[in-house]
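# Understanding the architecture of this molecule
Chain by chain, the residues:
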Amino acid sequence: LAARRAELHAAAARAIEQLDAEKLDERAALLAYHWEQAGEVLTAAQWHARAAGVAGFDSPVEAVRHWESVWEILQAAPASDEGVALRLRAAGELLTFGWRVGMTHERAAQIFGVGKALAIERGDAREQLRLHNAFGLIHGLGGNPQRAIPHFEEAVGLADATGDPELRWSARTAFDFTLWLIGDLARAQQMNDEQIALAEVDPALGIATIGISTADSLWHRGVILRDLGRFQEAAAAFQRADERARRFGENEMANWIDFMRADTFERAGDASGALSMARRAIESAEKIGSVLGRVGAHASYGMACVLAQQWQSARESLEFALELGRAKQSGLFLEPYYVAALAEAHLGLGDAPRARQLAEAADEIALRAQMRVAEVRALLGRARVLLTLDGVAARAEVESILDRALALVHSTGARSFEPQIHVERARLAGLLSDAPGREQWLRDAHSLFTEMGATGHAERVAPLLESPR
């Protein structure tokens, strides 16, 4: 009976292949099912791989389901060159989708170990690079960027040994991003400049190897420039990134660009711009279904709501993003920012104990991850909570926190936060009835905001200069 059933499935598969020869992409999942039931493991795996390719990054959950099938059914299959090559490809694809939809570090390490052994055995530098790139991103986007660095360094070594621009660009695009994450802005900018130069020669670099075009380098430039306090240049970089991503049909990347643009509007003090862009990001992220995109979009909306003082919406969005990211172990690369914003949302809602707890937690998360620019944001959150809840009694602690934040700004170059620090110093001076000090801090803040192009913040500070407290 089992043999007869297998024969029927094989016959059904052959009939579909013959009758629907022009629609095989659409029938790939069905063909994978029939060949698997027929016991033709390698053929089934090939059709699962094709179905995964059809699903692609716009349907990541579906793509992962098919790559998991490839990985599992080939595990016990008789060894063959074609089967080993396909399983090696599945390893890279599973890790690549893992940082998008979530994957435990234990599962990722297991796949990486098997995949790397296969790649080394075959002498396949390209697949080794893909594995290191994806595994590094699982660490970095999961909130542990320092663990990602050695993987990117090894990928760069592999790529440079080939001299191939495609591999050289592919090995570095997650590297400059991770350097930005840890607050090494100078090195991130230098590497990004090299990436941009390669991209000018061939904008399609990266697509064949890691499935991402050089639009990635352009939005990385945007976030680096944003942290440096160069908002107009950042906006131009994001615009170019968006145009290039859409040129190559990269809907997922367009979503990343949207929520990073929303974060940039928020940093510049433009609440309406941040809210609008974050809503757009949520719409596309929910359509695609990527955990990374959903976490980033909802958190961006929450941070925009904090700026707009929409406290309840901020709390709901930020809590949703954090719960999703922690459950799936994905999208937590900006966790200190999210937790600091959530502390301020609770402060606005009048929940003093929770605000205090979250403000301290944001600082601890940034310190643990060694994310120096994120630490500045966390310190600002702590200062705001303490000034609101404890006032003059917290003077010494607030001064120490703001000194620490300013030192980090100077050491990293993250000038976008410097005028925000001045605003908090002005608040403290006001509480101390130091009118001249308050005015000077506000004037310094307004000057820097204006110089940087952070017009929303500049407009908020201007009326404060007319007020005595």
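Now for a description of the structure that goes with this document. (Residues numbered from 1 in each chain as written. Predicted model: local features only at pLDDT ≥ 70, side-chain atom pairs only at ≥ 80, totals over all residues. Heavy atoms only, no water.)

### Comments concerning the pattern of salt bridges
Rules: A pairing counts as a salt bridge when a side-chain nitrogen of Lys or Arg comes within 4 Å of a carboxyl oxygen of Asp or Glu. Strands here mean DSSP runs of E at least two residues long; helices mean DSSP runs of H or I at least four residues long; both are numbered from the N terminus. Exposure categories follow from relative accessible area, calculated using a 1.4 Å probe and restricted to protein chains: below 20% of the type maximum is buried, above 50% is exposed, and the middle band is partly exposed.
With the rule as written, the count across this model stands at 36 salt bridges. Residue Arg65 is joined to Glu62 by a salt bridge in which the shortest nitrogen-to-oxygen separation is 2.7 Å. Linking Arg65 with Glu62, this pair stays in helix α4 (residues 60-75), spanning 3 residues, or about one helical turn. On the accessibility criterion, Arg65 (43% relative accessible area) is partly exposed. A relative accessible area of 32% means that Glu62 is categorised as partly exposed. Note that Asp403 and Arg425 form a salt bridge whose closest N and O atoms lie 2.8 Å from each other. Of this pair, Asp403 sits in helix α21 (residues 395-412) while Arg425 sits in helix α22 (residues 418-431); the two residues are 22 residues apart in sequence, bridging distant segments of the chain. The partly exposed category is assigned to Asp403, whose relative accessible area is 47%.

### Brief notes about the packing of helix α6 (residues 105-122) against helix α7 (residues 125-141)
Pairs of packed helices are described in terms of their axes, by the angle between the two and the distance that separates them. How we decide: The axes used here are C-alpha line fits, helices contributing only the stretch in contact, and every angle between their N-to-C directions lies in the interval 0 to 180 degrees. Under this scheme an angle from 65 to 115 degrees is roughly perpendicular, one under 35 degrees roughly parallel, and one over 145 degrees roughly antiparallel; angles in between are oblique. The handedness criterion is simple: a crossing whose near helix is rotated anticlockwise from the far helix by less than a right angle is left-handed, and one whose near helix is rotated clockwise is right-handed. Here, residues are in contact when the closest pair of their heavy atoms is within 4.5 Å. When residues are grouped by polarity, Ala, Val, Leu, Ile, Met, Phe, Trp, Tyr, Cys and Pro land in nonpolar, Asp, Glu, Lys and Arg in charged, and all others, Gly among them, in polar.
For the pair α6 and α7, interaxial distance at closest approach is 9 Å and the crossing angle is 165 degrees. Relative to α7, the element α6 lies roughly antiparallel. Of the two possible hands of crossing, α6 and α7 adopt the one that is left-handed. Two secondary-structure elements touch here, α6 through His105, Ala108, Ala109, Phe112, Gly115, Lys116, Ala119 and Ile120 and α7 through Glu127, Gln128, Leu131, His132, Phe135, Ile138 and His139. Classifying every residue of the contact of α6 with α7 gives 8 nonpolar, 5 polar and 2 charged.

### Notes on the packing of aromatic side chains
Formally: By convention, a stacked pair of Phe, Tyr or Trp rings (six-membered ring in the case of Trp) has centres within 6.5 Å and planes under 30 degrees apart, an edge-to-face pair has planes over 60 apart, and any other such pair is tilted.
Applying the stated criterion to the full structure yields 8 aromatic pairs. Between Phe177 and Trp180 the ring centres are 5.4 Å apart and the planes differ by 45 degrees, which places this aromatic pair in the tilted class. On the criterion of helical spacing, the pair formed by Phe177 and Trp180 is a turn pair, its members being 3 residues apart in helix α9 (residues 165-181). As far as burial versus exposure is concerned, Phe177 and Trp180 are alike and both buried. Their ring planes at 65 degrees and their centres at 6.4 Å tell us that Trp219 and Trp256 sit as a pair that is edge-to-face. Of this pair, Trp219 sits in helix α12 (residues 215-227) while Trp256 sits in helix α14 (residues 251-267); the two residues are 37 residues apart in sequence, bridging distant segments of the chain. A relative accessible area of 5% places Trp219 in the buried class. Classification of Trp256 as buried rests on a relative accessible area of 5%.

In short, geometric facts, not functional conclusions.
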